[in-house]
Amino acid sequence: AQKITQTQPGMFVQEKEAVTLDCTYDTSDPSYGLFWYKQPSSGEMIFLIYQGSYDQQNATEGRYSLNFQKARKSANLVISASQLGDSAMYFCAMRQIYNQGGKLIFGQGTELSVKP
Amino acid sequence: NAGVTQTPKFQVLKTGQSMTLQCAQDMNHNSMYWYRQDPGMGLRLIYYSASEGTTDKGEVPNGYNVSRLNKREFSLRLESAAPSQTSVYFCASSGQPNGDTQYFGPGTRLTVL
């Protein structure tokens, strides 16, 4: 069965420092996609970054990068130069590429707090 | 471009009442989804529509029905609400089911008393 595990319920980071949010996944499918979403206190789900299982390079989007280690089945999110506005819940999610409908499977989330 | 919109934003129901959550997207996406988020948990898929004219069950479909009214609109109906359906409901859409990022609406916070 497919599963996403986020082992850090909550994390603190000092403003302007980098932080890594952990995500491990379990799937037997060779093709899949990995996503990170941000959920601020206002409640919306904001797409941050995507990594395909066949992508050779780690994905980057501005201050966000995804540290993809396929053999370890991990897809950690790295946020560089943290800002106060980064305080939010962060969800890792996986989609099987050939699964009909493209269903996303979510982890339980990590609550990040950025300290001034 | 509004993206994905949902109505209402908040709703309180009594046990046994029915209601329909509305979702619309203006991105010309083919696929649409309904998720629920319970406290301290990630989102779980209720139903999805891979393309106009098709709907399929997700992980937690019991107690819900859906209608893909047209390419833009995908509604979720609770026929007889139960307290266990108290949750935040998110609608999402993607260009293609297997190839594209899902973009989410702002959510509907539903309380069933």
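Residues numbered from 1 in each chain as written. Chains lettered and ligands numbered in written order. Predicted model: local features only at pLDDT ≥ 70, side-chain atom pairs only at ≥ 80, totals over all residues. Heavy atoms only, no water.

Q: Help me out: how do you make sense of the overall build of chain B in this one?
A: Looking only at helices and strands, one finds zero helices and eleven strands in chain B. Ordered by position from the N terminus, the helices and strands of chain B form the series β-β-β-β-β-β-β-β-β-β-β. Principal axes of the C-alpha set define a box for chain B whose edges measure 40 × 25 × 20 Å. Put simply, chain B has 113 residues, and 49% of those count as buried. In chain B, of all internal contacts separated by at least 6 residues, the share reaching a separation of at least 24 is 56%. When the accessible area of chain B is evaluated, it comes to approximately 5100 Å², of which 48% is carbon and sulfur surface. If you average the places of the 10 positive and of the 8 negative side-chain charges in chain B, the two averages end up 7 Å apart. (Helix = DSSP H or I, 4+ residues; strand = E, 2+ residues; numbered from the N terminus. Buried < 20%, exposed > 50% of the residue type's maximum accessible area, 1.4 Å probe, protein only. Contact = heavy atoms within 4.5 Å. Areas by Shrake-Rupley, 256 points an atom, 1.4 Å probe, with all protein chains shown as cover. Lys, Arg positive; Asp, Glu negative; His and termini not counted. Charge placed at Lys NZ, Arg CZ, Asp CG, Glu CD.)

Q: Explanation requested: the sheet that holds strand β8 (residues 74–78) of chain B in the structure shown.
A: Sheets are built from strands that pair by backbone hydrogen bonding, the pairs being arranged parallel or antiparallel. Residue and element names in this part refer to chain B. Read from one edge of the open sheet, four strands run β1-β3-β8-β7, paired in antiparallel fashion. The sheet is open, and its two borders are formed by β1 (4–7) and β7 (64–68), each paired with just one other strand. Each neighbouring strand pair of the sheet contributes to a mean axis angle of 20 degrees, computed without reference to strand direction. As paired elements, strand β3 (residues 19–25) and β8 share three bridges and run antiparallel to each other. Paired with Met19 across the two strands is Leu78, which belongs to β8. (Pairing = 2+ DSSP bridges. Axes fitted to C-alpha atoms, helices over the stretch in contact; angles between N-to-C directions.)

Q: What is the right way to read the environment of A:Gln14 from this model?
A: Residue and element names in this part refer to chain A. Mapped onto the fold, Gln14 is located in strand β2 (residues 10–14). The class of Gln14 is partly exposed, set by a relative accessible area of 35%. Sequence-distant contacts of Gln14, that is, excluding residues within four places in its chain, are made with Ser82, Val114, Lys115 and Pro116.

Q: What is the right way to look at the pattern of salt bridges in this model?
A: Pairing is possible between side chains that carry opposite charge, provided their charged atoms lie close to one another. Residues and elements named next belong to chain B. The tally for this structure, following the rule as stated, stands at five salt bridges over all chains. Measuring nitrogen to oxygen at the nearest pair gives 2.6 Å for the salt bridge that ties Asp38 to Arg44. Judged by relative accessible area, which is 24%, Arg44 ranks as partly exposed. Residues joined in a network through salt bridges with shared partners are Arg36, Asp38 and Arg44. (Salt bridge = Lys/Arg side-chain N within 4 Å of Asp/Glu carboxyl O.)

Q: Please explain the nonpolar core as it appears in this structure.
A: Soluble globular proteins tend to bury their nonpolar side chains together. Core analysis: the biggest nonpolar cluster contains 26 residues, and A:Trp36, A:Leu77, A:Tyr90 and A:Leu112 have the highest contact counts within it. Ranked by the residues each element gives to this core, the list is headed by strand β10 (residues 88–96) of chain A, at four residues. Those residues within four positions of A:Tyr90 in sequence are excluded, and the remaining contacts are A:Gln6, A:Leu21, A:Trp36, A:Tyr37, A:Lys38, A:Leu48, A:Leu77, A:Ile79, A:Gly109, A:Thr110 and A:Leu112. In terms of nonpolar packing, the next biggest core, distinct from the first, is built from 20 residues, B:Met19, B:Met32, B:Trp34 and B:Tyr64 among them. (Core = buried A, V, L, I, M, F, W, Y, C linked by side-chain atoms within 4.5 Å.)

Q: In this structure, what is going on with the pairing of β1(B)? I would like to understand it.
A: In summary, the side chains of a regular strand alternate between the two faces of the sheet. All names here are of chain B. In β1, alternate side chains face the same way, and those of Val4 and Gln6 are buried while those of Thr5 and Thr7 on the opposite face are not. Relative to β3, β1 is paired through four bridges, and the arrangement is antiparallel. In the sheet register, Thr5 faces β3, and the bridge partner there is Ala24.

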